[in-house]
Amino acid sequence: MTRHKITPRKVAFDWSGTRPQWIEGEAFVSHLTNSTHILLPIVEVWFCQVFKEALPHITDERVREDVIAFMRQEAIHGSAHKPLIEHFLKHGMDIRGGVARTQRLIDTLLGDPSRIFGLLPTGKRLARWWLGTRVGIIAAGEHFTCILGRFILENEELPKLPVDPAMMDLLRWHGAEEVEHRAVAFDLYRHLTGAPLTSRLLVLGFIIPFLTWYWIESTRYLMKQDPGLAIKPGFFAEWRKASRRNLIPSARMLLGGSWRFLLPGYDPADEADTEVALDYLAKSPAVR
Ligand SMILES: [Fe+2]
Ligand SMILES: [Fe+2]
């Protein structure tokens, strides 16, 4: 259970000096992180739709209060990343096609069950199962956004590079709020379904291959769309090099951390330190 009152914060970013390769000389790391501008505005709206659907089924006031604050934070996150799509266009990088394809993918995979199962009208039991499963997918996704949030907050190597300060702040502010609300989706998942092991295996079995595939494909796509990048580097070799330099999390950190989600005593509260997140949020230029 979340022990901290979650606060949605308004933010403002000045992108006027930001280029798609926001870390000079680090095209791969820049575009790996830029993939968040495509996926997050879409999935975070979807999070809000699913949680809105879940609201009438919540019988615990504390869970409801956290869910509402979570929805407000995620809505702000999505809209903070979104302007970068138009901004990159000014730098000759058109990623609108990738955004449209991602939207179609999310709608097809995770949207209205009638579209997925071909069942009309959808039975009540199936609809309830599908709601609980989608909340579980969000909880599993939030397990990883917490790992990533912690990584970006605690990372000491990135600030040593010539990074764009606005982009660094966006990632750290977002990461900090992911740490702050890390328990909400799992609390809701447990509240609605009991979060049994079979369901956790199912949702983790979806989220790991999905995120791995999406991250590889979207990073390759972004590098392809970048007119300033003559040679498009290979994904796996670049990942290994960048993670060894501690610029991005290693596959071991991400996959090695996934099994904890399956433990009977799993508690997202143990996954990070809220104080570290609040310290950053108190000094984030975008929040101030
Ligand atoms: Fe978020
Ligand atoms: Fe989140």
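The preceding data block contains the structure.
Residues numbered from 1 in each chain as written. Chains lettered and ligands numbered in written order. Predicted model: local features only at pLDDT ≥ 70, side-chain atom pairs only at ≥ 80, totals over all residues. Heavy atoms only, no water.

K.L.:
I would appreciate a short explanation of the coordination of the iron ion (ligand 2) in the present structure.
P.N.:
In ideal tetrahedral geometry, four donors around a metal make angles of 109.5 degrees, whereas ideal octahedral geometry with six donors gives angles of 90 or 180 degrees. Donor atoms from the polypeptide that coordinate the iron ion (ligand 2) comprise Glu74 (OE), Glu142 (OE), Glu142 (OE), Glu178 (OE), Glu178 (OE) and His181 (NE2), at 2.0 to 2.7 Å from the metal. Around the iron ion (ligand 2), the six donor atoms are arranged such that angles at the metal cover 53 to 147°; this shape is classified as irregular. As a motif over one chain, the donors of the iron ion (ligand 2) read E-x67-E-x35-E-x2-H. Here the iron ion (ligand 2) and the iron ion (ligand 1) are spaced 3.7 Å apart, and both take Glu74 as a donor. In this pair, Glu74 is assigned in helix H2 (residues 61-81) and Glu178 in helix H7 (residues 165-180), connecting sequence segments 104 residues apart. (Donors = N, O, S within 2.8 Å, 3.2 Å for Na, K, Ca; no water. Tetrahedral: all angles 85-135°; square planar, octahedral: opposite > 155°, others 65-115°. Helix = DSSP H or I, 4+ residues; strand = E, 2+ residues; numbered from the N terminus.)

K.L.:
I keep staring at the packing of aromatic side chains and nothing clicks. Help me out?
P.N.:
In this description, an aromatic ring pair is defined by two values, namely the gap between the centres and the angle between the planes. Under the defined criterion, the tally for this structure stands at 18 aromatic pairs. In textbook terms, an aromatic cluster arises when at least three aromatic residues are bridged by ring pairs, as seen for Phe28, Trp215, Phe235, Phe236 and Trp239. (Phe/Tyr/Trp six-rings, centres within 6.5 Å; stacked < 30°, edge-to-face > 60°.)

K.L.:
Please clarify how the environment of His4 should be interpreted in this entry.
P.N.:
Here His4 lies in the segment before helix H1 (27-54). Through-space distance from the C-alpha of His4 to that of His143 is 18 Å; in sequence the pair is 139 residues apart. The contact partners of His4, leaving out residues within four places of it in the chain, are Arg62, Glu180, Thr274 and Leu278. For His4, the side chain forms a polar contact with the side chain of Glu180, separated by 2.7 Å. (Contact = heavy atoms within 4.5 Å. Polar contact = N/O pair within 3.5 Å; in protein donor to acceptor, adjacent residues only side chain to side chain.)

K.L.:
Can you walk me through the side chain of Thr36 in this structure?
P.N.:
Structurally, Thr36 can be placed in helix H1. At 2.6 Å, the side chain of Thr36 and the backbone oxygen of Thr33 are in polar contact. Each residue touching Thr36, except ones within four places of it in the same chain, is listed here: Pro41, His81 and Leu171.

K.L.:
Is there a simple way to think about the coordination of the iron ion (ligand 1) in this case?
P.N.:
Taken together, the protein ligands of the iron ion (ligand 1) are Glu44 (OE), Glu74 (OE), His77 (ND1), His174 (NE2) and Glu178 (OE), with distances of 2.0 to 2.2 Å. Each donor residue of the iron ion (ligand 1) lies on one chain, and together they are spaced E-x29-E-x2-H-x96-H-x3-E.

K.L.:
I'm lost on the packing of H2 against helix H8 (residues 184-193) in this one. Help?
P.N.:
Two quantities define a packed helix pair, namely the angle between the axes and the distance from one axis to the other. Orientation of H2 relative to H8, taken along the N-to-C sense of each, is 135°, at an axis distance of 9 Å. If you check the angle between H2 and H8, you find them oblique. Pair H2 / H8 crosses with left-handed handedness. On H8, the residues touching Val63, Asp66, Val67 and Phe70 of H2 are Val184, Leu188 and His191. Here the residues of the contact of H2 with H8 sort into five nonpolar, one polar and one charged. (Axes fitted to C-alpha atoms, helices over the stretch in contact; angles between N-to-C directions. Parallel < 35°, antiparallel > 145°, perpendicular 65-115°, else oblique. Left-handed = near helix turned anticlockwise from the far one by under 90°. Nonpolar A, V, L, I, M, F, W, Y, C, P; charged D, E, K, R; others polar.)

K.L.:
Which parts of the structure should I look at to understand the nonpolar core?
P.N.:
Nonpolar side chains in soluble globular proteins generally cluster together in the buried interior. By size, the foremost hydrophobic cluster in this structure holds 88 residues, and its most contacted members are Phe28, Phe51, Val67, Leu188 and Phe261. When residues in this core are grouped by element, the largest group, 15 residues, is from H1. Apart from residues lying up to four places away in sequence, Phe261 is in contact with Gly136, Ala139, Ala140, His143, Phe186, Tyr189, Arg200, Val203, Leu204 and Tyr266. (Core = buried A, V, L, I, M, F, W, Y, C linked by side-chain atoms within 4.5 Å. Buried < 20%, exposed > 50% of the residue type's maximum accessible area, 1.4 Å probe, protein only.)

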